[in-house]
Amino acid sequence: MELITELLEFWQTRYPKILQYTLEHITISFLAVLFGILLTLPLGIYLTRMKFKPVRETIFGIANVFQTIPTIALLAIMIPLLGIGTTPAIVALFLYSLLPLLRNTFAGIKSVDPGVIESARGMGLSPVQTLFKIEIPLAFPYIISGIKVTTVYVISWTTLAAVIGAGGLGDLILAGIGLNSKVLIITGTISAILLALLADLVLGFVEKKVTKQR
Amino acid sequence: MIELKDVQKIYEDGFQALKNINLKLEDGKINVLIGPSGCGKTTTMKMLNRLIEQSRGTINIDGTDISTMNPIELRRGIGYVIQSIGLFPHMTIYENVATVPKLLKWDKAKINDRVTELLEMVNLDPDTYKGRYPSELSGGQQQRIGVIRALAAEPSIILMDEPFSALDPISREELQDELIRLQREIHKTIVFVTHDMDEALKIADQIILMQEGEIVQMGSPEELLRNPANQFVENFIGSERMAQAKDLPSIEEILKDSVVSAGENGTTNEALGIMSEQQLDSLPVTDDKGVFLGQVSLYQALENPDTKLSDLKLQKEGFVSTEDHLSRALHYMEEYRLNVPVTDVDRQLIGIITKSQLLAIMHSYYDTKNEAAI
C-alpha cells in the first residue's frame, strides 16, 4: 500500500523526467528498427531474386550470428568500436533486428503465388510494377508481422542499452539498482512493458487492416 | 496471323524442348495445342508473348518479328489466362479486370464501362461483383474473371494455358460452352493449351498435336479423327472417340460407284429416262467435260418435255465436294429438297448422294449411338 502511494507521488512529481526517458527509449528503438527495415526490405527482396544459393545462406548466417551474441556482450563490444552513448546502442539493436526482419521479408515475397506473378508478367506488368503492385502488397502481412515482433523485442532490449550510456528507461532501472529504489525500478519496468504492449497493439492493428481484405 | 518458322528451344542444360516448329495460327480461330506433358505445348505458347524466348527461328505476328518488339508492350496487346487463374488476391474484381486498361492509361469512365460490359458478357452482375475480392468467388466465377481480364484491353490474340483444367467437371463444361459462345461474338485469335482431348475436340478450329517437341499432326478436329497421322495420334485420341467419329462416314465413303448424269446438250426426255431407270427424282447435268452445271428435278423435266437441258433453269446450288463433312450434304438436302451432287475440287462431277442413302446412314448412326448409350 505504501509502495503504491510512493509510486503515485513519484509519477506525479517526476512525470516530465519519466516522459523524457520514455521518449529517449522510443527514439532508440524506433531508429534501430527503422534502419533495420531500410536495410532488410531491399535486401530480403534481392535475396529472393538471387539464384546463387551460397551467398544467400551466408547473408542469413551473418544475420543469425548477431542474434546469438548475448545482448549485453554486443553492447559492450560497441564501446571500443563506437564509444558510449546513443549511437552505439542504436547500432547494436539494429544488428539484432536484422534476422527477424530479413527472414519475414524473404518469406513474404517467397510466399506470393507463382501463378499470380506469372499472370502479372504475362499481362505486361514490368518487373518494377510487379514488385510494387503485386509482390510487396501480397508480402505485406508477413513483413508487418516481422516488424511487429522485432519492435517488441527491441523495445525490451533497449532497456539494456542504458548500460553503455544510451539513456532510455533502462536509466531509471539502473538508477533504481544503484539507489536501491523500488519505485525507480518499477517505474522503468512498467513503462517499458507499456511501451512494448502499445507497439504490439498499434502494429497488430495495422497487420489486421492489411490482411483483412483477403 | 501468327507464324512460327523453324522455331527451336534448347534450355541451358542442353534439353531440347522444341525441335523445328513450323506453324501458322489463323486469325479469329481457336487453335488448340495439345499433347502429353513435356511435349512442348506450353513452351510454344509462352514464346508467343515472350515469357520464354526461342533459341532459334522467328515468330511473326501479323508480319512483325516479335523479337524486335518491346516484350512488355507486346504482352499488353495479348490476353493471357493461366491454369491457376492468377487473379490478384489483394485487388477487387474491378481492379483485376482493369489492370491492363490502367497500364495503357485509358480514362476512368472508359475503363468502368469496359469492366461493366465484360462482367455482363459472362453473366456476372457488375454491381454485385465489381467490389468483391477473388476469394469471395467460386472457382468457375474466378476463371470467368480470368478470361474477361484477358479480354479487357481488346487484344486480338489471347493465350490460354490449360485455363479450365483445375475446375470441377461441371464448371469446366460451362466455361467451354461460354468460350465458344464468346468467340462467336469476339472472333479473337485464341491459342489454347490443354491435355484434354475432349476439350480440344469440342472447342478447336485447329488442333496442333505435339509430341516430344515436335508437331505430329495439325488440322481440324474432323481431320484428326478421320485421318490420324500415325499410331501415336490414334492412341492419343483414343479408340472410343475414333469409333464414335467413324459412325458418320465421309462423303467419299458413301459415294455411288457410277456417275449418273445427263449432258447439257441432252433433252428432258433423255433425263427422265435416266431418272426412272436409276430411281432418282433429280439428276445432275454436266458439260461435255464432265463439269457440274446444275440439277434438273423430276417435276421440272415432266413440265418441260422435249426441251434441251441447257435451256432449263437448273439448280446450280446445293452440291458438295469430297472435302466437305457429311452434315453439309444433309443441310443442302433439307434446303433444296434434291439429291446432292458431289464434285471434286475442280467441280468435276464424281457422284451423287441420294435421300434414301442418307436416310439409311442416319438410321445406322443413331442405332449404334443408342446401343452405346444402353
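For the structure given in this document, a descriptive report is provided here. (Residues numbered from 1 in each chain as written. Chains lettered and ligands numbered in written order. Predicted model: local features only at pLDDT ≥ 70, side-chain atom pairs only at ≥ 80, totals over all residues.)

1. Things to note about the overall build of chain B
Moving on, step 1. What chain B contains, in helices and strands, is 17 helices and 16 strands.
Moving on, step 2. Over its C-alpha trace chain B gives a radius of gyration of 26 Å, far above what one expects of a compact globule, namely 21 Å for 374 residues.
Moving on, step 3. Seen through its principal axes, chain B has C-alpha atoms that stretch 80 × 50 × 50 Å.
Moving on, step 4. Buried residues in chain B amount to 37% of all 374 residues.
Moving on, step 5. Partitioning the contacts of chain B with sequence separation of at least 6, the portion at a separation of at least 24 is 61%. (Helix = DSSP H or I, 4+ residues; strand = E, 2+ residues; numbered from the N terminus. Rg over C-alpha atoms; globule rule 2.2 N^0.38 Å. Buried ≥ 20, exposed ≤ 12 C-beta atoms within 10 Å, placed from the backbone. Contact = placed C-beta atoms within 7 Å.)

2. As for the overall build of chain A
Moving on, step 1. The helix and strand inventory of chain A stands at eight helices and zero strands.
Moving on, step 2. Along chain A, helices and strands appear, N-terminal first, in the series α-α-α-α-α-α-α-α.
Moving on, step 3. Across its three principal axes, chain A shows a C-alpha extent of roughly 70 × 40 × 20 Å.
Moving on, step 4. Burial analysis of chain A (214 residues in total) assigns 39% to the buried set.
Moving on, step 5. Expressed as a percentage of contacts within chain A between residues at least 6 apart in sequence, the contacts between residues at least 24 apart total 76%.

3. Observations regarding the packing of helix 4 (residues 86-110) of chain A against helix 6 (residues 127-158) of chain A
Residue and element names in this part refer to chain A.
Moving on, step 1. Relative to each other, helix 4 and helix 6 sit at 160°, their axes nearing to 8 Å. Taken together, the axis directions place helix 4 and helix 6 in an arrangement best described as roughly antiparallel. Regarding helix 4 and helix 6, the two cross each other, and that crossing is right-handed. Two secondary-structure elements touch here, helix 4 through Leu 93, Tyr 96, Ser 97, Pro 100, Leu 101, Arg 103, Asn 104, Thr 105, Ala 107, Gly 108 and Ile 109 and helix 6 through Glu 135, Ala 139, Tyr 142, Ile 143, Ser 145, Gly 146, Ile 147, Val 149, Thr 150, Val 154, Trp 157 and Thr 158.
Moving on, step 2. When the residues that make up the contact of helix 4 with helix 6 are grouped by side-chain class, the tally is 13 nonpolar, eight polar and two charged. (Axes fitted to C-alpha atoms, helices over the stretch in contact; angles between N-to-C directions. Parallel < 35°, antiparallel > 145°, perpendicular 65-115°, else oblique. Left-handed = near helix turned anticlockwise from the far one by under 90°. Nonpolar A, V, L, I, M, F, W, Y, C, P; charged D, E, K, R; others polar.)

4. Considerations on the packing of helix 1 (residues 2-49) of chain A against helix 6 of chain A
Residue and element names in this part refer to chain A.
Moving on, step 1. The interhelical angle for the contact between helix 1 and helix 6, taken along N-to-C directions, is 145°, at an axis separation of 10 Å. Read as a crossing pair, helix 1 and helix 6 show a hand that is right-handed. Residues His 25, Ile 28, Ser 29, Ala 32, Val 33, Gly 36, Ile 37 and Ile 45 of helix 1 form the contact with helix 6, whose participating residues are Leu 131, Ile 147, Thr 150, Thr 151, Val 154, Ile 155 and Thr 158.
Moving on, step 2. For the contact of helix 1 with helix 6, the residue count by class is nine nonpolar, six polar and no charged.

5. As for the nonpolar core
Moving on, step 1. Membership of the largest hydrophobic core comes to 115 residues, with the highest contact counts inside it found for A:Ala89, A:Leu93, A:Ala161, B:Val32, B:Leu159, B:Val191 and B:Ile207.
Moving on, step 2. Excluding anything up to four places from it in sequence, A:Ala89 contacts A:Ile28, A:Leu75, A:Ala161, A:Ile164 and A:Ala166.
Moving on, step 3. Membership of the second largest hydrophobic core comes to 23 residues, among which are B:Phe292, B:Val296, B:Val320 and B:Val340. (Core = buried A, V, L, I, M, F, W, Y, C linked by C-beta atoms within 7 Å.)

6. Points about the interface of chain B and chain A
Moving on, step 1. Taken residue by residue, the interface counts 19 residues in chain B and 16 residues in chain A.
Moving on, step 2. Of all elements in the fold, only helix 2 (71-76) and helix 4 (99-103) of chain B reach the threshold of two or more residues within the side of chain B that touches chain A.
Moving on, step 3. Residue classes in the side of chain B that touches chain A are distributed as ten nonpolar, six polar and three charged.

7. Here's the deal with the pairing of strand 7 (residues 157-161) of chain B
Residues and elements named next belong to chain B.
Moving on, step 1. Within strand 7, five of the five residues are buried, leaving the element largely enclosed by the surrounding structure.
Moving on, step 2. By the alternation rule, side chains of strand 7 split into Ile 157, Leu 159 and Asp 161 and Ile 158 and Met 160, which are all buried.
Moving on, step 3. Pairing analysis gives four bridges linking strand 6 (residues 78-81) to strand 7, with the strands arranged parallel. Residue pairing across strands places Val 81 opposite Met 160, the latter belonging to strand 7.
Moving on, step 4. Where strand 7 and strand 8 (residues 189-194) come together, five bridges link them in parallel fashion. (Pairing = 2+ DSSP bridges.)

8. Considering the environment of B:Glu253
Moving on, step 1. Note on placement: B:Glu253 falls in helix 13 (residues 251-254).
Moving on, step 2. Spatially, the C-alpha atom of B:Glu253 lies 15 Å from that of B:Glu222, the residues being 31 residues apart in sequence.

9. Here we look at helix 7 (residues 139-151) of chain B
All names here are of chain B.
Moving on, step 1. An ideal rise of 1.5 Å per residue puts 18 Å on 13 residues; helix 7 measures up with 19 Å between its terminal C-alpha atoms.
Moving on, step 2. The element helix 7 is extensively covered by neighbouring structure, given that ten of its 13 residues are classed as buried.
Moving on, step 3. When helix 7 is considered as a whole, its buried residues turn out to be Gln 142, Gln 143, Arg 144, Ile 145, Gly 146, Val 147, Ile 148, Arg 149, Ala 150 and Leu 151.
Moving on, step 4. Those residues of helix 7 that are buried lie in contact with strand 6, helix 3 (93-97), helix 4, helix 5 (108-121), strand 7 and helix 8 (169-186). (Expected span 1.5 Å × (residues − 1).)

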